[in-house]
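Here is how the chains run, residue by residue.
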Amino acid sequence: MEGMTLLGRLSIVGAPPPPPGTPSGELLRKSRAERTYPIVCRNLALPCDVSASILAAQLMARHQAEEIAREVEMIPLKGLHLAWKVYPSPELRDMGDLDLLVRRSRVREADGALRKLGYRPEVEPDRLDGSSLNAAVYWRDGGLPIHLHWHLSNASLPQFMVRMDLAEVWAEARGGTMAPHHLVVSLCEHALKHSFSELILLTDIEIASRGADWPRVADCARRWGLDRAVLYALVLLRDLMGVESPGLEALRARPLGGEGRLFLALARRRRWDGLSALGLLSMTSEKGRFVREALAPRREASEGFTSRTLGSRLRRAAGMVWRGLCRS
């Protein structure tokens, strides 16, 4: 845990350097897997060999987003927004695709705009706005893939306990930018979906939450059913990265429960993708419903799932558990 704590601290933008003589080779190697390598290099005052390529990708992404914004109203999400609006320099935040949010009522318009610009969907969708995954991937030669979202949550497990209000998000967005409290809560939901499996997810949350209006964040998180997700993020920020957020007090009203404590214990030590199921299970009192829908989703909830049969979903769950045990 000590090595991860040091790496965690060095994965915070603007963290002080470690004491002189601290070996950096292993820290840098691990930071690549955690996707915080450019940040760790900066904090160690070392040159970063990937800065130029990250900046080139970010410039391309910004150009693509501006081109699409001329055709349809959208809000940049995650990597693009964070790199240009939150991080001090875009080459600190890498990204593999371009996430854009459009209004659900304008999905067909967005699809037409992307096709006009030369993009094609990865899979030809029958009903673009009917999938439970709430997103579609578009490709164009020479550019980053576009991940077109019409909801903030892109779930592969049941999330009936989550109530993200898209009308509120659009109403409070300013200048094509999500409101700060919505950004923090949505980043925590996204990080939980990925089981907090990479430090970059916590790095994003930490820098986006600097100066946050925590009563407003807490109120939004509770209304959206995501107060537990935000609390998990802040506890892991404290335990893995040494950041004591003032938001901890605002989110501590509800006890964690057995599943929550187990999730955090595993997330601190075995940060692997399969943990999101346990984290989501801890957020609902309807445990039986969650398990039933995770293993055998209703027909209307199974659109977009790669594994739709009970047997295939059981095999997928077993595979995730096995991979996690091997990594631990």
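Residues numbered from 1 in each chain as written. Predicted model: local features only at pLDDT ≥ 70, side-chain atom pairs only at ≥ 80, totals over all residues. Heavy atoms only, no water.

On to the side chain of His149, then. Mapped onto the elements, His149 comes out in strand E5 (residues 146–149). Classification of His149 as buried rests on a relative accessible area of 1%. Beyond its immediate chain neighbours, meaning those up to four positions away, His149 contacts Leu77, Lys78, Asp99, Leu100, Leu101, Val102, Asn134, Ala135 and Asn154. (Helix = DSSP H or I, 4+ residues; strand = E, 2+ residues; numbered from the N terminus. Buried < 20%, exposed > 50% of the residue type's maximum accessible area, 1.4 Å probe, protein only. Contact = heavy atoms within 4.5 Å.)

A separate point is unusual backbone geometry. Its identity as a non-glycine residue notwithstanding, Arg35 has a phi of 60 degrees, on the positive side. The residue Arg35 is located in the loop between helix H2 (25–33) and helix H3 (37–43) in this model. Judged by relative accessible area, Arg35 falls into the partly exposed class, the value being 26%. A positive phi angle is found at Phe196, which is not glycine, with a value near 50 degrees. Examined against the element boundaries, Phe196 turns out to sit in the loop between helix H8 (180–193) and helix H9 (199–208).

As a further point, take helix H10 (residues 214–223). The complete set of buried residues in H10 reads Trp214, Val217, Ala218, Cys220 and Ala221. Viewed end-on, H10 has its buried residues packed into an arc of 165 degrees, placing them on one side of the element. Phi for Gly225, located one or two positions after H10, is positive at around 75 degrees. (Arc of directions from axis to C-beta.)

A few words on the environment of Ser24. As for its position among the elements, Ser24 is in the loop between helix H1 (2–10) and H2. The spatial distance from the C-alpha of Ser24 to the C-alpha of Leu7 is 9.8 Å, given a sequence separation of 17 residues. Setting aside chain neighbours within four positions, we find Ser24 in contact with Leu44 and Leu46.

Moving on to the confidence of the model for the protein. For the protein, per-residue confidence averages 87 on the pLDDT scale, and residues scoring 70 or more make up 86% of the total. Considering only residues more than four positions removed or in separate chains, one finds that residues 299–311, a stretch of pLDDT under 50, has 25 contacts. Contacts of residues 320–328 to residues separated by more than four positions or lying in other chains number seven contacts, the stretch itself having pLDDT below 50. (pLDDT = per-residue confidence, 0-100.)

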